[in-house]
Amino acid sequence: MSEAFVLTETHGRVGLITLNRPKALNALNDELMNQLGAALLDFDANLDIGCIVITGSDKAFAAGADIGAMQNWSYMEVYGTDYITRNWETLRRVRKPVIAAVAGYALGGGCELAMMCDFIIAADSARFGQPEIKLGVIPGAGGTQRLPRAVGKSKAMDMVLTGRMMKADEAERAGLVSRVVPAAELMNEALEAATIIASMSLPSVMMAKESVNRAYESSLTEGVLFERRAFHSLFATYDQKEGMKAFLEKRSPTFKHE
Ligand code: CAA
């Protein structure tokens, strides 16, 4: 039986995924990425889950793709089998919100994994970087594309070309992370944020995620049209009637997620 590189648990309507390869600082090998993909798809398909959190250890969210595994690969082993990146696309298929709770190193593929999540909550111990240039390669899981979108061209170029690390406070100033908290409070903060999201109506949460993501893929006119259609369609849900009725009756809504 293969090792459990990914641990899962639930906290109410929140699915928590913990990367668990501590001896290698959660280096992302193929087996770990397989297990991560399976865990994400399981939570995504489970209607009792409303939000997902991915975290690592105190020392490392993930220190990148597994350098030992990659070292001797030929061009066709990488290009032909798409070993490194084929599992990475799974995260893009997840329709529920995914929060990255990052402590310690988030480097290379670890930083890219965090950026694939919908937002990042960082411990003050977090260190972000794309050090692939020091290995004679470049980021291979979206780093050259998502980092400039998150922090702008100048800082992205700086990070990708020098391979330097960025501390949590710089990452927050640059817009890479949404919040920074003391390391001891990271999981409480992330689970609390996820619990709030999971308490909202699931159809509106999913459409909100889809609409914000559309901002990256389309013109403003197209994006606004997409948002408007999604907004209109939410008036077909039970939860829209309940949410607005509850507000007018000055009580909390009881959403059915339908
Ligand atoms: N792959 C494989 N093993 C890794 C690893 C990685 N990315 N990162 C760390 N490890 C292993 C180390 O080899 C070491 O193993 P041993 O104990 O068996 O020697 C163990 O984890 C602990 O690491 P260190 O002893 O190096 O710990 P440290 O505290 O001195 O340094 C660190 C920590 C600065 C994160 C350092 O480990 C490091 O620089 N790691 C590599 C970071 C990196 O280059 N990441 C990019 C990978 S390429 C990539 O991700 C491509 C892509 O875009 C998809």
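Residues numbered from 1 in each chain as written. Predicted model: local features only at pLDDT ≥ 70, side-chain atom pairs only at ≥ 80, totals over all residues. Heavy atoms only, no water.

- An unreviewed UniProt entry lists the chain under the name enoyl-CoA hydratase, from Verticiella sediminum.
- Per its UniProt entry, the chain bears the Sequence similarities (unreviewed entry) comment "Belongs to the enoyl-CoA hydratase/isomerase family."
- Database annotation for the chain, UniProt heading Function (unreviewed entry): "Could possibly oxidize fatty acids using specific components." (UniProt positions renumbered as here; feature names shortened; annotations may be inferred.)

## Remarks on the environment of Ile121
- Following the sequence through the fold, Ile121 ends up in strand E7 (residues 119-123).
- By relative accessible area, Ile121 is classed as buried at 0%.
- Taking the C-alpha atoms as reference points, Ile121 and Val224, 103 residues apart in sequence, are found 28 Å from one another.
- Setting aside residues up to four positions removed in sequence, Ile121 forms contacts with Ile99, Ala100, Ala101, Val102, Ser178, Arg179, Leu186, Glu189, Ala190 and Ala193. (Helix = DSSP H or I, 4+ residues; strand = E, 2+ residues; numbered from the N terminus. Buried < 20%, exposed > 50% of the residue type's maximum accessible area, 1.4 Å probe, protein only. Contact = heavy atoms within 4.5 Å.)

## Description of the site of the ligand
- As a matter of local geometry, the ligand sits amid 22 residues, with Lys59, Ala65, Gly109, Glu112 and Glu132 nearest to it.
- Lys59 is positioned with one of its side-chain polar atoms (N or O) 2.9 Å from an oxygen atom of the ligand.
- Here Gly109 contributes a backbone N or O atom positioned 2.8 Å from an oxygen atom of the ligand.
- Starting from 990 Å² of accessible surface for the ligand in isolation, the protein chains cover 62%.
- For the shell around the ligand, the secondary structure elements donating two or more residues are helix H2 (67-70), strand E6 (105-107) and helix H5 (109-116).
- Here the shell around the ligand is built from residues that sort into 13 nonpolar, four polar and five charged. (Near = heavy atom within 4 Å. Polar contact = N/O pair within 3.5 Å; in protein donor to acceptor, adjacent residues only side chain to side chain. Areas by Shrake-Rupley, 256 points an atom, 1.4 Å probe, with all protein chains shown as cover. Nonpolar A, V, L, I, M, F, W, Y, C, P; charged D, E, K, R; others polar.)

## Some details on helix H7 (residues 153-162)
- Buried within H7 are the following residues: Ala156, Met159 and Val160. Taken down its axis, H7 places every buried residue within 90° of arc, on the same side. In H7, those exposed residues whose orientation departs by more than 90 degrees from the buried face are Ser154 and Leu161.
- Of the surrounding secondary structure, the elements contacted by the buried residues of H7 are strand E8 (127-129), helix H6 (143-151) and strand E9 (165-167). (Arc of directions from axis to C-beta.)

## Focus on the pattern of salt bridges
- As enumerated under the stated definition, the model contains eleven salt bridges in all.
- With a closest N to O distance of 4.0 Å, Arg173 and Asp169 form a salt bridge. One end of the pair, Arg173, and the other, Asp169, are both in helix H8 (residues 168-174), four residues apart, so they sit about a helical turn from each other.
- Note that Glu189 is salt-bridged to Arg179, the shortest N-O span being 3.0 Å. In this pair, Glu189 sits in helix H9 (residues 186-199) while Arg179 sits in strand E10 (residues 179-181), placing the two residues ten residues apart along the sequence.
- Judged by relative accessible area, Arg179 falls into the partly exposed class, the value being 31%.
- Through salt bridges with shared partners, a single ionic network connects Lys155, Asp158, Arg164 and Glu170. (Salt bridge = Lys/Arg side-chain N within 4 Å of Asp/Glu carboxyl O.)

## Some thoughts on the domain arrangement of the chain
- Looking at the chain, the domain boundaries give domain 1 (6-198) and domain 2 (201-249).
- In this assembly, 13 residues from domain 1 lie in contact with seven residues from domain 2.
- Here domain 1 packs against domain 2, burying approximately 780 Å² in sum over the two surfaces, 57% of which is carbon and sulfur.
- For domain 1, the biggest contributors to the area lost against domain 2 are Arg95, Asp118 and Arg149; these three give 49% of the whole.
- Run the count over domain 1 and domain 2 and you get one salt bridge.
- Here Lys209 ties to Asp118 by a salt bridge, and the two come within 2.8 Å at their closest N and O atoms. (Domains from an automatic or database assignment. Buried area = accessible area lost by both parts, 1.4 Å probe.)

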